[in-house]
Amino acid sequence: MKIFDAKQIYAADSFTIQKQQITSDELMERASLQLFHWLHQRMQGAPVKIHLFCGIGNNGGDGLALARHLQEHGYHIEVNIVNYSEKRSPDFLTNLDRLKARKIWPNILNGDSAFPSIGVDDIIVDAIFGIGLNRSPAPWVVDLMKNLKATGAFILSVDVPSGLFMDRGIEDPEFAVEADFVLSFQAPKLVFFLPETARYIKQWDVLDIGLDPEFLEKTETTYKLMGKAEVLPLYRPRQKFSHKGHYGHALILGGSYGKIGAVILSTSACLRVGAGLVTAYVPQCGLLPLQIACPEAMVLTDKGEKYISQIEFDLEPSAVGAGIGLGTEKETVSALSAFLDAQKSAMVLDADALNILSQNRKLLDKIPEGSILTPHPKELERLLGSWKDDFEKLQKTREFSVNHRCIIVIKGAHTTICAGEKCYINNNGNPGMATAGSGDVLTGFITGLLSQGYEPLAAAIFGVFLHGMAGDLAATEQGFEALTANSIIDFIGKAYIELLRPPQTQEQQTEETEA
Ligand SMILES: NC(=O)C1=CN([C@@H]2O[C@H](COP(=O)(O)OP(=O)(O)OC[C@H]3O[C@@H](n4cnc5c(N)ncnc54)[C@H](O)[C@@H]3O)[C@@H](O)[C@H]2O)[C@@H](O)CC1
Ligand SMILES: Nc1ncnc2c1ncn2[C@@H]1O[C@H](COP(=O)(O)OP(=O)(O)O)[C@@H](O)[C@H]1O
Ligand SMILES: [K+]
């Protein structure tokens, strides 16, 4: 699913109005009817008080139009206009007149107005600001937002929580509404997926307001939300007459004294995701643990006992994943540097391999083209330097990706894969995966997919998706706390099956629920 920026949304609005020969008021009417149906479906006429807070722009216009539909269907409403500017939009005024024609007189709230009384079981509709927010709200509007939160009532935000900018962080955490639910028109917004802004969007849904599909199709976006539908075409089916050679020989390179487990996790993950052959390259101390833990894998050992000091082997791996548990000893740094000189094809660089690159910046020029770097935010900061907000983080990551012709996987909730100017946001996974070694597992998955012939970008996107899906399936059985990195490996098979399961037809779904 594409994620549009404000400019693109305004362009889509006006293209649609022109192409469908409708007025912006009719487009707003469509939007407000979608809002109404969503609410009506869930409320079924319940006599719950609904307090609508409307700004003076089109977001506010949506709110006024929604108020009209609610009133027409017998809902108990109270309309408040948050009068933060004299510049009223035409569609706002049109909808205000319609309310007045129905004898509905909104409260006009200014800086010195008393805050209306709202019960904790009431519902608040936040239609104060939408995507047109272009500066921080006035202090009295900030106070009003704080009062909304203090009521404890359910807050439904129209299009975007008021106070959130579409393209930058906010000045102060109190300057935006924390919405229980956000109804976004036509597509989700980038702020729904960023660590800094997630607290303002507990849940979200998209309402189709019929923006022109052709326009949306041809509009290139920087960000794309990757769900099952987007990822499924990446899958490479297995042929009957195939042998393990078809699935490559992967090399997992890492480990140091006391951190051999990371290599065991990556190696097991690499086998489970479908690599044909896997060799682990570890210091001497890793030989026995690996041979015992992963009998399917072969092991090559470095001449160093406790950490890698010279990487030499004569096999031609089809994919390499390096860095897990590697440590950053001086000899390991020079060994990795010499290895990168010889390594020409795209590989996975994770954990200490990234830390070594960060500490020895000249090695950055040795990253093989198309390589996949998989930092968590801390490792990313060592690589890029600090950022002021998530938007700058993504900007710097894209720049690094372009400059070093590599793919960056920013791990975390909604792991984001940056490849040049494009970013792919993963939409599964859960906090149970915040557990030791789950990144090692991801390295194994991506390396194993590379080994099977997936292109680097496909391997990164598909690996992250399978990792999150396996994590989700594991969490349904184990909950969050008990989930370990091994759980993710154990559920990768079910993740493939779940991904490849044909979508259930309607009757199958009803049969299942009746059974
Ligand atoms: N164009 C259309 O027909 C449609 C627009 N839609 C709605 O329109 C919204 C965008 O509406 P607008 O562009 O009018 O903008 P908003 O309604 O988001 O903001 C209202 C106006 O307030 C001003 N403003 C921004 N920040 C301010 C601040 N801190 N203090 C005081 N004034 C400030 C701006 O000039 C802005 O135009 C979307 O979020 C969506 O809800 C939807 O109804 C879809 C249809
Ligand atoms: N809250 C979360 N929601 C979803 N996935 C998460 C969350 N926290 C962590 N993860 C995933 O778990 C993995 C953590 O990786 P990492 O920090 O490298 O762990 P380790 O270094 O212990 O292997 C990443 O794939 C990340 O996307
Ligand atoms: K809003």
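The residue numbers shown here count from 1 along each chain, following its written sequence. Lettering for chains starts from A, numbering for ligands starts from 1, and both go in the order in which the items are written. For a predicted model such as this one, the threshold for reporting local features is a pLDDT of at least 70, and the threshold for listing and counting side-chain atom pairs is 80 or more; totals across whole chains, interfaces and linings nevertheless cover every residue. As a rule here, side-chain values come from all non-hydrogen atoms in the structure, and water together with hydrogens is ignored.

1. With respect to the overall build of the chain
Phase 1 of the analysis: Numbering goes from the N terminus for both helices and strands, where a helix is a DSSP run of H or I of at least four residues and a strand is a run of E of at least two. Each helix and strand counted, the chain has 18 helices and 18 strands in total.
Phase 2 of the analysis: Taking the principal axes of the C-alpha coordinates as reference, the chain spans close to 85 × 55 × 45 Å.
Phase 3 of the analysis: Long-range contacts, defined as pairs at least 24 residues apart, comprise 73% of the intrachain contacts of the chain with a sequence gap of at least 6.
Phase 4 of the analysis: Where accessible areas are quoted, they stem from the Shrake-Rupley method and a 1.4 Å probe; at the residue level, only the protein chains shown are allowed to cover. For the chain, the accessible surface area stands at approximately 22,500 Å², while carbon and sulfur atoms represent 53% of it.
Phase 5 of the analysis: Positive: Lys, Arg. Negative: Asp, Glu. His and the chain ends are not part of the count. Think of each charge as sitting on NZ of Lys, CZ of Arg, CG of Asp or CD of Glu. Each charge class in the chain was averaged separately, 47 positive and 62 negative side chains, and the resulting centres sit 3 Å apart. In this analysis, two residues are considered to be in contact whenever any of their non-hydrogen atoms come within 4.5 Å of each other.

2. A few points about the coordination of the potassium ion (ligand 3)
Phase 1 of the analysis: Donor criterion used throughout: N, O or S atom within 2.8 Å of the metal, extended to 3.2 Å for Na, K and Ca. Water excluded; incomplete-looking sites may result. At 2.6 to 3.1 Å from the potassium ion (ligand 3) lie its protein donor atoms, namely Asn59 (OD1), Asp126 (O), Phe129 (O), Val158 (O), Val160 (O) and Ser162 (OG).
Phase 2 of the analysis: A four-donor site is classed as tetrahedral when every donor-metal-donor angle falls between 85 and 135 degrees; four donors are called square planar, and six octahedral, when trans pairs exceed 155 degrees and all remaining angles lie between 65 and 115, with any other arrangement labelled irregular. Coordination geometry of the potassium ion (ligand 3): the six donor atoms subtend angles of 67 to 176 degrees at the metal centre, consistent with an arrangement described as irregular.

3. Focus on the site of ligand 2
Phase 1 of the analysis: Neighbouring residues of ligand 2: 18 residues in total, closest Lys411, Gly412, Thr415, Gly437 and Gly439.
Phase 2 of the analysis: In this structure, Gly437 approaches ligand 2 through a main-chain N or O atom, which is 2.8 Å from an oxygen atom.
Phase 3 of the analysis: In protein, a polar contact requires one atom able to donate a hydrogen and another able to accept it; more generally it is a pair of N or O atoms within 3.5 Å, and residues adjacent in sequence count only if both atoms are side-chain atoms. A distance of 2.7 Å separates an oxygen atom of ligand 2 from a polar backbone atom of Gly439.
Phase 4 of the analysis: In isolation ligand 2 has 570 Å² of accessible area, and contact with the protein removes 79% of it.
Phase 5 of the analysis: When the residues that make up the shell around ligand 2 are grouped by side-chain class, the tally is six nonpolar, 10 polar and two charged. By convention in these notes, a residue is near a molecule or strand provided one of its non-hydrogen atoms lies within 4 Å of it. Each residue receives one of three labels: charged for Asp, Glu, Lys and Arg, nonpolar for Ala, Val, Leu, Ile, Met, Phe, Trp, Tyr, Cys and Pro, and polar for the others, Gly being one of them.

4. Looking at the pattern of salt bridges
Phase 1 of the analysis: Salt bridges are counted wherever a side-chain nitrogen of Lys or Arg sits within 4 Å of a carboxyl oxygen of Asp or Glu. Using the criterion set out here, one finds 21 salt bridges in the structure.
Phase 2 of the analysis: The residue Glu220 makes a salt bridge to Lys422 at a minimum N-O spacing of 2.7 Å. Of this pair, Glu220 sits in the loop between helix 6 (213-218) and strand 9 (223-226) while Lys422 sits in strand 18 (residues 422-426), and the two are 202 residues apart along the sequence.
Phase 3 of the analysis: When accessible area is computed with a 1.4 Å probe and restricted to protein chains, residues below 20% of their type maximum are described as buried, those above 50% as exposed, and intermediate ones as partly exposed. Judged by relative accessible area, Glu220 falls into the exposed class, the value being 55%.
Phase 4 of the analysis: The partly exposed category is assigned to Lys422, whose relative accessible area is 26%.
Phase 5 of the analysis: Taken together, the shared-partner salt bridges in this structure form one network comprising Lys19, Asp212 and Glu214.

5. Topic: empty space enclosed by the protein
Phase 1 of the analysis: Cavities and pockets were defined on a 1 Å grid built over protein atoms only: a cavity is a set of grid points that admits a 1.4 Å probe from which the probe cannot escape, a pocket is an open set flanked by protein on both sides within 12 Å along at least five of seven lines, and lining residues are those with an atom within 4 Å of any such point. Grid points are joined across faces, edges and corners, and a volume is the space filled by probe spheres set on the points. Counted by the stated rule, this structure contains two cavities of 30 Å³ or more.
Phase 2 of the analysis: Reported here for the largest cavity is a volume of approximately 60 Å³.
Phase 3 of the analysis: Along the walls of the largest cavity sit Met145, Lys146, Lys149, Pro173, Glu174, Ala176, Val177, Glu178, Arg199 and Tyr200, which together make up its complete lining.
Phase 4 of the analysis: Tallied by class, residues from the lining of the largest cavity come to five nonpolar, no polar and five charged.
Phase 5 of the analysis: Reported here for the second largest cavity is a volume of approximately 40 Å³.
Phase 6 of the analysis: Lining of the second largest cavity is provided by Phe4, Gln8, Ile9, Ala12, Phe185, Gln186, Ala187, Leu211 and Leu216.
Phase 7 of the analysis: For the lining of the second largest cavity, the element with the highest residue contribution is helix 1 (residues 6-19), accounting for three residues.
Phase 8 of the analysis: Taken together, the residues of the lining of the second largest cavity break down into seven nonpolar, two polar and no charged.

6. Quick look at the pairing of strand 5 (residues 123-127)
Phase 1 of the analysis: Counting buried residues in strand 5 gives five out of five residues, a clear majority hidden from the surface.
Phase 2 of the analysis: Pairing between strands is defined by DSSP: at least two bridges between the two strands are required. Bridge count for strand 2 (residues 49-54) against strand 5 is five bridges, and the pairing is parallel. What sits directly across from His51, in strand 5, is Ile124.
Phase 3 of the analysis: With four bridges connecting them, strand 5 and strand 6 (residues 154-158) associate as parallel partners.

7. Side note on helix 8 (residues 261-272)
Phase 1 of the analysis: The span expected for a helix works out to 1.5 Å for each residue beyond the first. Counted at 1.5 Å a residue, the expected span for helix 8 with its 12 residues is 16 Å, and the 16 Å between its end C-alpha atoms agrees.
Phase 2 of the analysis: The buried fraction of helix 8 is high, at nine of 12 residues.
Phase 3 of the analysis: When we look at burial in helix 8, the residues that qualify are Ala262, Val263, Ile264, Leu265, Ser266, Thr267, Ser268, Ala269 and Cys270.
Phase 4 of the analysis: Here the buried face of helix 8 lies against strand 10 (249-253), strand 11 (277-282), helix 9 (287-293), helix 14 (438-451) and helix 16 (485-490).
Phase 5 of the analysis: Gly274 sits one or two residues past helix 8 and shows a positive phi near 120 degrees.

8. Examining the site of ligand 1
Phase 1 of the analysis: Surrounding ligand 1, one finds 23 residues, the nearest of these being Tyr10, Asp62, Gly130, Arg135 and Asp159.
Phase 2 of the analysis: Note that a nitrogen atom of ligand 1 is positioned 3.1 Å from one of the side-chain N or O atoms of Asp13.
Phase 3 of the analysis: Gly132 is positioned with one of its backbone polar atoms (N or O) 2.9 Å from an oxygen atom of ligand 1.
Phase 4 of the analysis: Going through the elements one at a time, helix 1, helix 2 (24-43) and helix 3 (58-72) are the ones with two or more residues in the shell around ligand 1.

9. Considerations on the pairing of strand 11
Phase 1 of the analysis: Strand 11 sits mainly inside the fold: five of its six residues count as buried.
Phase 2 of the analysis: Judged from the five bridges that link them, strand 10 and strand 11 form a sheet pairing that is parallel. Within strand 11, the residue paired with Ala250 across the bridge is Val278.
Phase 3 of the analysis: Here a crossover is taken to be right-handed if, once the strands point away from the viewer, the path from the first strand over the helix to the second is traced clockwise. For the handedness criterion, the β-α-β arrangement of strand 10, helix 8 and strand 11 is classed as right-handed.
Phase 4 of the analysis: Where strand 11 lies against strand 12 (residues 298-301), four bridges are found, and the strand directions are parallel. Looking across to strand 12, one finds that Ala280 is bridged to Val299.

10. A short note on unusual backbone geometry
Phase 1 of the analysis: With a phi angle near 60 degrees, Lys103 is a residue other than glycine that sits in the positive phi range.
Phase 2 of the analysis: Tracing the chain through its elements places Lys103 in the loop between helix 4 (90-101) and strand 4 (107-109).
Phase 3 of the analysis: Owing to a relative accessible area of 62%, Lys103 belongs among the exposed residues under this scheme.
Phase 4 of the analysis: Within the chain, Arg405 stands out as a residue other than glycine whose phi angle is a positive 45 degrees.

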